[in-house]
Amino acid sequence: MMQKRPIYSLFILSFILLFSSCEELIDVDLNKVSPQIVIVGDMNNEESTHEVLVTRTVDFDEPRPFEPVLDASVFIQLGNGRTFRFNSVGEGRYANSNMPISVGETYTLTVSVDGKEYKSTTKMLPYIEVESIGVNQETLFKETYFFLNFKFYDPEGEENFYRYSIKINDGPFKSNSVFSDKYNNGNEVTHQLGREYGNEIKPGDQLLVRRYVISKESYNYWSEYMSTNPGSASPGNPSSNISNGALGYFSVSSARDYTVDIAKASEG
């Protein structure tokens, strides 16, 4: 039986969180496989430079886990027809610092590689404000654990989806918790974060939490990604919202950064 291994996922996960804001689990046979295009565009209003990552999957025995696409053509068109070119900055990354990020705007990504075109369209949704942030401290088997609680009012009568990334001190953004309002539409809601960190969060740490309001397609992607057992020999690929068989996803989301001082919060 042919073995499979998700050799591409760690690279995609690390790169996306670096320019945060996007990730991808890819099944790759240990034998020779046809390369697949992977496109990751994860943009938000907290970033001044926006990037799209374009790569190809590689065989298991290759010396590196990905092959950057250096000659792609990358454009994003707004709803009014205005178009922005993304220029190569190396290692499969294409960047633009002039494209406006606006609530209600529609964005269509077009990536051309070797004469084949890949497209995706998304809309930036309005941000939903946070009412309060609290910190819970719990002790279990003499270990101390800290959890963040984001409390807010979910708008009634519409579907809403949320995502969170956390940076501890000067570390990278990690974790991508996602939530749906399926069972609490229109209610006061509390999202608890930090359980995936175990006891990594310590008194004196400063956390930077980036909170996103995301599209349903982005929620589905992250939800599927996180529900996949990372220890599985053959995990499934999250649903892509990019055409023509490309892996990855495209998202433009409203976001806010929040700084939480664990030392001060826990003293209260």
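As a reminder, the structure under discussion sits directly above these lines.
Residues numbered from 1 in each chain as written. Predicted model: local features only at pLDDT ≥ 70, side-chain atom pairs only at ≥ 80, totals over all residues. Heavy atoms only, no water.

(A) Structural view of the packing of aromatic side chains. Taken as a whole and judged by the stated rule, the model has nine aromatic pairs. Summarising the aromatic geometry, the rings of phenylalanine 150 and tyrosine 164 are spaced 5.4 Å apart at their centres and angled 65° between planes, so their arrangement reads as edge-to-face. Linking phenylalanine 150 in strand E12 (residues 143–153) with tyrosine 164 in strand E13 (residues 161–168), this pair joins segments that are 14 residues apart in sequence. For the pair phenylalanine 150 and tyrosine 164, one class covers both residues: buried. With 5.9 Å between their ring centres and 80° between their planes, tryptophan 222 and tyrosine 249 make a pair best called edge-to-face. (Phe/Tyr/Trp six-rings, centres within 6.5 Å; stacked < 30°, edge-to-face > 60°. Helix = DSSP H or I, 4+ residues; strand = E, 2+ residues; numbered from the N terminus. Buried < 20%, exposed > 50% of the residue type's maximum accessible area, 1.4 Å probe, protein only.)

(B) Focus on the pairing of E13. Counting buried residues along E13, seven of its eight residues qualify, which places the element largely inside the surrounding structure. Pairing between E13 and strand E14 (residues 173–180): six bridges, direction antiparallel. Bridge assignment links arginine 163 to a residue of E14, and that residue is valine 178. What sits between E13 and E14 in their antiparallel hairpin is a turn of four residues, with asparagine 169 showing a positive phi close to 55°. By the bridge criterion, eight bridges tie E13 to strand E16 (residues 206–214) in an arrangement that is antiparallel. Paired with lysine 167 across the strands is leucine 208, a residue of E16. (Pairing = 2+ DSSP bridges.)

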